[in-house]
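# Observations on the model geometry
The residues making up each chain are set out below.
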Amino acid sequence: MNQETFDDYIARFNRRDMTAFEDYLDDDMHMQNGTLEFTGVQGMKDHYAKIWSTFREELAPTDFVGSDTNAAIRMVTFFTAERDDPESLFGPVALGDRYEFRGVISYRLTAEGKFADILVAYNSFTSIRADGTVTELGIPH
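## A closer look at the overall build of the protein
Scanning the protein from terminus to terminus reveals 3 helices and 9 strands. Here the C-alpha radius of gyration of the protein, 15 Å, is about what a compact globule of 141 residues would show, namely 14 Å. Here the C-alpha coordinates of the protein stretch approximately 45 × 25 × 25 Å along the principal axes. When the 141 residues of the protein are sorted by exposure, 43% land in the buried category. Across the protein, every contact between residues at least 6 apart in sequence was considered, and the portion connecting residues at least 24 apart equals 51%. Total accessible area on the protein is roughly 7,400 Å²; 48% of this is exposed by carbon and sulfur atoms. Each charge class in the protein was averaged separately, 13 positive and 25 negative side chains, and the resulting centres sit 3 Å apart.

Here you go:
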């Protein structure tokens, strides 16, 4: 996978364009993020439908490395609560609460260049409440 192709996936993800999952994920894709695991395009859609119902999410990858079989990035992801949600994926949140994920993501690719396996390794997950309180959380899943 080259940088231009990966950048297209990220741009579409940041626009909440779920057709990106159909175009870039293998039908049997496996995702692992901490103890959170799911499979397939529908699993990805279901997961992000939950997140995007509460949060505006923006991916800001750096240090892309790609080949025909693998890709890897460093990632900063910003989540901003767009509404109060007592049962969000991250627990109770209020409008304006923010979260920052920093980590490394490894992608294994199919022969067709689609994501077959996505492995997320975190370095930090930080809560920044609307009142300014900052807390290091670890991984919420």
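Let's pick the thread back up.
## Comments concerning the pattern of salt bridges
Going through the model one piece at a time under the given rule, you end up with 9 salt bridges. For E82, the salt bridge goes to R16, with nearest N and O atoms at 3.0 Å. With E82 in the loop between β4 (70-81) and β5 (85-88) and R16 in the loop between α1 (3-14) and α2 (19-24), this residue pair connects regions lying 66 residues apart in the sequence. Among the residues examined, R16 registers a relative accessible area of 28% and is labelled partly exposed.

## Topic: the pairing of strand β7 (residues 98-109)
Bridging between β4 and β7 involves 11 bridges; their strand directions are antiparallel. What sits directly across from T77, in β7, is F101. For β7 and strand β8 (residues 115-128), the ladder comprises 12 bridges, and the chain directions are antiparallel. Bridge pairing in β8 places F101 opposite F125. The turn linking β7 back onto β8 is made up of 5 residues, and G113 within it adopts a positive phi angle of 85°.

## Looking at the environment of Y122
Examined against the element boundaries, Y122 turns out to sit in strand β8. Owing to a relative accessible area of 37%, Y122 belongs among the partly exposed residues under this scheme. When the C-alpha atoms of Y122 and V76 are compared, they prove to be 9.9 Å apart, with 46 residues separating the residues in sequence.

## Quick notes on the environment of F125
Structurally, the position occupied by F125 is in strand β8. Assessed through its relative accessible area of 2%, F125 is described here as buried. Between the alpha carbons of F125 and E100 there is a distance of 5.6 Å; along the sequence they are 25 residues apart.

## As for the packing of aromatic side chains
Applying the stated rule across the entire model yields 23 aromatic pairs. Between F55 and F79, the ring centres sit 6.1 Å apart and the planes meet at 80°, which makes this aromatic pair edge-to-face. Taken together, the positions of F55 in strand β3 (residues 55-66) and F79 in strand β4 put the pair 24 residues apart, joining distant regions of the chain. The exposure class assigned to F55 is buried, which follows from its relative accessible area of 1%. Ring geometry for F90 against Y99: centres 5.1 Å apart, planes inclined by 55°, an arrangement best described as tilted. Judged by relative accessible area, F90 falls into the buried class, the value being 13%. Taken together through their ring pairs, the aromatic side chains of F6, Y9, F13, F21, Y24, Y48, W52, F64, Y107 and F115 make up a single cluster.

## Quick look at the pairing of β5
Pairing of β5 with strand β6 (residues 91-93), which is carried by 2 bridges, proceeds in the antiparallel orientation. By the bridge assignment for β6, S88 is matched with G91. Turn length for the β5-β6 hairpin, with the two strands adjacent in sequence and antiparallel, is 2 residues.

Conventions and cut-offs
- Residues numbered from 1 in each chain as written.
- Predicted model: local features only at pLDDT ≥ 70, side-chain atom pairs only at ≥ 80, totals over all residues.
- Heavy atoms only, no water.
- Helix = DSSP H or I, 4+ residues; strand = E, 2+ residues; numbered from the N terminus.
- Rg over C-alpha atoms; globule rule 2.2 N^0.38 Å.
- Buried < 20%, exposed > 50% of the residue type's maximum accessible area, 1.4 Å probe, protein only.
- Contact = heavy atoms within 4.5 Å.
- Areas by Shrake-Rupley, 256 points an atom, 1.4 Å probe, with all protein chains shown as cover.
- Lys, Arg positive; Asp, Glu negative; His and termini not counted.
- Charge placed at Lys NZ, Arg CZ, Asp CG, Glu CD.
- Salt bridge = Lys/Arg side-chain N within 4 Å of Asp/Glu carboxyl O.
- Pairing = 2+ DSSP bridges.
- Phe/Tyr/Trp six-rings, centres within 6.5 Å; stacked < 30°, edge-to-face > 60°.

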